[in-house]
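# Notes for the structure review
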Amino acid sequence: MQGQVLQVIALPGAELQLAAHWLDGAEADALLAELQGSIPWEIHRIRMFGREVDSPRLSCWIGDPGTGYTYSRTRFEPNPWPPLMASLRARVETACAARFNSVLANLYRDGRDSMGWHSDNEPELGARPVIASLSLGAVRTFRLRPRAAVAGRREVRALELPHGSLLCMGGDTQRLYQHDLPKVHAAIGARINLTFRYVHSTEQALS
């Protein structure tokens, strides 16, 4: 099924496009149920404030051979693509006009799971990476803020990411902005987020 067309979101210096209903409800429901049960979810260890802690969500790194990825000083080697994810990758590539060889799958079990401020600017991703973010399940707020403060302030832009939405971030977005997914105090269900990306070899990343 053809997904909804991506719409440009204005943010100075960034390249953002969002399709709030890229997948219809029935397909998004089926994909959420399938991925919750079939992906080998793990608790990744990350480095925060000088010490290693459990990441506040479950994750799984999936990709082509040779797409090992270093995040927060931890090296992740890819799990193979499940058939369902491989076909989904081709559709996301078409929607975002980009190539992807890997995806970080995150499972936010409830509102207490979250993601702190960061940029996807690791060397393996290149200087101007395209990151495609597919959201399934509970609606969560995705926030962006400039990496550098202006007059001592950093304005925060909030986006609601519904079930079945696709957000494409490109250009200088990762160089100029950070993003996060804050905790939610209300009782909400699970959310899966698939962030497709292209990992370059070490030689390509440093050239």
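Residue numbers run consecutively from 1 along every chain, following the written order of its sequence. Totals for whole chains, interfaces and linings use all residues, but because this is a predicted model, local features are given only for residues with pLDDT of at least 70 and pairs of side-chain atoms are given and counted only at 80 or more. Think of the side-chain values as coming from all heavy atoms in the structure, minus any hydrogens and water.

## Topic: the overall build of the protein chain
Cut-off, in case you're wondering: Every helix listed is a DSSP run of H or I at least four residues long, and every strand listed is a run of E at least two residues long, numbered separately from the N terminus. For the radius of gyration, the atom set is restricted to C-alpha positions; the globular benchmark scales as 2.2 Å times the number of residues to the power 0.38. Relative accessibility under 20% of the residue-type maximum defines a buried residue, over 50% an exposed one, and the middle range a partly exposed one, all with a 1.4 Å probe and only protein chains included. The contact definition used throughout considers only heavy atoms, calling two residues in contact when any of these lie within 4.5 Å. Values of accessible area rely on a 1.4 Å probe in the Shrake-Rupley scheme; residue burial ignores everything except the protein chains shown. For the charge count, each Lys or Arg is scored as positive and each Asp or Glu as negative, with His and the chain ends excluded. We put the charge of a Lys on NZ, of an Arg on CZ, of an Asp on CG and of a Glu on CD.
Counting its regular elements, the protein chain contains four helices and 15 strands. Relative to the compact-globule value of 17 Å for 207 residues, the protein chain shows a C-alpha radius of gyration of 16 Å, a close match. Dimensions along the principal axes, computed over C-alpha positions, put the protein chain at roughly 45 × 35 × 35 Å. Scored against the burial criterion, the 207 residues of the protein chain give a buried share of 48%. By sequence separation, contacts in the protein chain at least 24 residues apart represent 74% of the contacts at least 6 residues apart. Per element, the accessible surface of the protein chain, about 10300 Å² overall, is 54% carbon and sulfur. Here the protein chain contributes 23 positive and 21 negative side-chain charges, whose respective centroids are spaced 7 Å apart.

## A few points about the confidence of the model for the protein chain
Here is the rule: The predictor rates its confidence in each residue with pLDDT, a number between 0 and 100.
A residue-level look at the protein chain finds 90% of positions with pLDDT of 70 or above and a mean pLDDT of 90. The low-confidence segment residues 202-207, where pLDDT is below 50, has three contacts with residues more than four positions distant or belonging to other chains.

## A short note on the pairing of strand S13 (residues 165-171)
We apply this condition: Strands are treated as partners if at least two bridges between them are detected by DSSP.
A large share of S13 lies buried, amounting to seven of its seven residues. Sheet topology note: the strand S2 (residues 14-19)/S13 ladder contains six bridges and is antiparallel. Along S13, the bridge assignment pairs Gln17 with Cys168. Across five bridges, strand S10 (residues 131-137) lies against S13 in antiparallel orientation. Its bridge partner being in S13, Ile131 is matched across the sheet by Met169.

## Considering unusual backbone geometry
One non-glycine residue, Ala97, lies in the positive phi region at around 50°. The topology assignment puts Ala97 in the loop between helix H2 (83-96) and strand S8 (102-108). The class of Ala97 is exposed, set by a relative accessible area of 72%.

## Section: the sheet that holds strand S12 (residues 157-161)
Note the following rule: All axes are obtained by fitting lines to C-alpha atoms, using only the stretch in contact for helices, and the reported angles, taken between N-to-C directions, cover 0 to 180 degrees.
Sheet architecture is open: four strands sit in the order S9-S14-S11-S12, paired in antiparallel fashion. In this open sheet, the two strands that pair with only one neighbour each are strand S9 (115-118) and S12. Going across the sheet, the axis of each strand differs from the next one's by a mean of 20°, ignoring polarity. Across four bridges, the pairing between strand S11 (residues 140-146) and strand S14 (residues 177-181) is antiparallel. Residue pairing for S14: Leu144 is matched across the bridge by His179.

## Section: helix H1 (residues 25-38)
In an α-helix, one turn spans 3.6 residues, which is why side chains three or four residues apart end up on the same side. Convention followed: Here a helix's expected span is defined as the number of its residues, less one, multiplied by 1.5 Å. An arc is given here, and it is the one of the directions from the helix axis to the C-beta atoms.
The end-to-end C-alpha distance of H1, which contains 14 residues, comes to 20 Å, matching closely the 20 Å that a straight helix rising 1.5 Å per residue would cover. Within the sequence span of H1, burial applies to Ala28, Leu31, Leu32 and Leu35. Down the axis of H1, the smallest arc covering the buried residues is 105°, so these residues share one side. Opposite the buried face of H1, at more than 90 degrees from it, the exposed residues are Ala26, Ala33 and Gly37. Where the residues of H1 are buried, they touch H2, S10 and strand S15 (191-197).

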